[in-house]
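# Coordinate analysis (summary)
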Amino acid sequence: MLLVFDLYMTFLLLRLTAALTHTRLRFWRAMLGAAAGSLSSLLVLLPPMPFVLTLLCKLLSAVLLCLAAFGIRGRRLFVWHVLCFLGLSCILAGMLLALTATGNVYYANGCWYPVISLRMLVLCTAAAYGILTLIARIRERTGAADGSYEVVIRYGTRTVCLEGLADTGNSLTDFCTGKPVIVCSREALGELIPEQPCRGFRPLPYSTAAGDGLLTVFTPDEAVIRCKRTGAVRAVDVLIGADEQSHRQAIFHPRLLH
């Protein structure tokens with residue numbers, strides 16, 4: 001129970017850290033870090049340790065977890081990962097500390113152990129998975145219910161207005177920044193893209209059912225999605241990808257509508 005609970009908690013903290021730092025985190029790397037965090041929870045079985053030693057153990061654990069999950073992609077980014085993970089851990093610890101007053105959570109040496117049965121844990125896991133799956137499907141359906149959109153892209157002094165399509169098939173995300181990519185027809189972008197490569201434009205690998213390739217992406221100065229039916233306008237923080245073979249003017253994931 002101790003190992004499974006901390007596996008869950010560490011996995012959640014790593015995913016939240018990846019979201020806050022806009023870092024791509026593969027599932028197996030998240031599970032590797034979560035497994036390391038689960039093993040570190042065995043400190044709860046040791047005799048009470050001094051506060052300073054407990055603090056050092058938690059700091060070392062955070063460093064090792066972030067190293068296992070994210071690797072070192074730069075010294076500053078790695079430090080940012082560790083700080084975000086520690087900050088989120090403090091927030092979670094505050095919530096668990098409130099539960100210790102009820103007697104449902106045991107705390108020792110910087111680790112937490114919930115007084116909960118295996119049956120209850122399995123039921124809660126199944127319920128949480130079912131609720132999240134239902135929410136995701138509802139959001140996708142409501143986001144793609146009306147396919148009549150316009151995507152306005154501004155880069156420098158030039159602006160283009162493209163026909164937009166909300167498609168769950170476009171899950172392309174930049175692994176450096178974590179930003180989603182709106183895939184546009186190279187022809188539709190027209191003069192927005194200079195003939196000669198310049199700063200800010202770079203290739204991004206992608207994978208489809210037809211095969212793999214490289215997509216030229218750039219960060220626009222402004223990108224807005226407008227629903228033609230309701231007139232609702234939403235500014236989005238995305239990258240724009242220029243596809244030579246695409247016949248659609250602008251394809252984006254429905255989650256950008258939320």
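Everything that follows concerns the structure shown earlier in this document.
The following paragraphs examine the structure supplied in this document. (Residues numbered from 1 in each chain as written. Predicted model: local features only at pLDDT ≥ 70, side-chain atom pairs only at ≥ 80, totals over all residues. Heavy atoms only, no water.)

## Focus on the packing of helix α1 (residues 2-20) against helix α3 (residues 51-70)
Where α1 contacts α3, the two axes come as close as 11 Å, and the packing angle between them is 65°. Classified by the interaxial angle, the pair formed by α1 and α3 is roughly perpendicular. Note on packing geometry: the crossing formed by α1 with α3 is right-handed. Residues T10, L14, T17 and A18 of α1 form the contact with α3, whose own contacting residues are L65, A69 and F70. (Axes fitted to C-alpha atoms, helices over the stretch in contact; angles between N-to-C directions. Helix = DSSP H or I, 4+ residues; strand = E, 2+ residues; numbered from the N terminus. Parallel < 35°, antiparallel > 145°, perpendicular 65-115°, else oblique. Left-handed = near helix turned anticlockwise from the far one by under 90°. Contact = heavy atoms within 4.5 Å.)

## Things to note about the side chain of D243
Position of D243 relative to the elements: it lies in strand β10 (residues 239-243). Here D243 sits buried without a salt bridge, and the closest side chain of opposite charge, R186, lies 9.8 Å off (N-O distance). Apart from the residues lying within four places of it in its own chain, the contact partners of D243 are V183, C184, S185, R186 and L215. (Buried < 20%, exposed > 50% of the residue type's maximum accessible area, 1.4 Å probe, protein only. Lys, Arg positive; Asp, Glu negative; His and termini not counted. Salt bridge = Lys/Arg side-chain N within 4 Å of Asp/Glu carboxyl O.)

## Quick look at the nonpolar core
Counting residues in each nonpolar core, the largest one holds 23 residues, and the members touching the most others are I153, I182, C184, L189, I240 and F252. For this core, the secondary-structure elements that each account for two or more residues are β3 (149-155), β4 (158-166), β5 (181-185), β8 (222-227), β10 and β11 (250-252). Setting aside residues up to four positions removed in sequence, L189 forms contacts with I153, V160, L162, C184, F218, I240, G241 and A242. Counting residues in hydrophobic clusters, the runner-up holds 19 residues, among them A30, F70, L92 and L96. (Core = buried A, V, L, I, M, F, W, Y, C linked by side-chain atoms within 4.5 Å.)

## Some remarks on the pattern of salt bridges
The tally for this structure, following the rule as stated, stands at five salt bridges. Between R226 and E150 there is a salt bridge whose closest N-O contact spans 2.7 Å. Taken together, the residues span a long stretch of sequence, with R226 in strand β8 and E150 in strand β3 at a distance of 76 residues. Look at R226 and you get partly exposed, because its relative accessible area is 29%. On the basis of relative accessible area, E150 is assigned to the buried category, the value being 17%. R202 serves as the salt-bridge partner of D174, at 2.6 Å between the closest nitrogen and oxygen. Placement of D174 in the loop between β4 and β5 and of R202 in strand β6 (residues 202-208) is noted, with a sequence separation of 28 residues between them. Taking relative accessible area as the criterion, R202 reaches 29% and is therefore assigned partly exposed.

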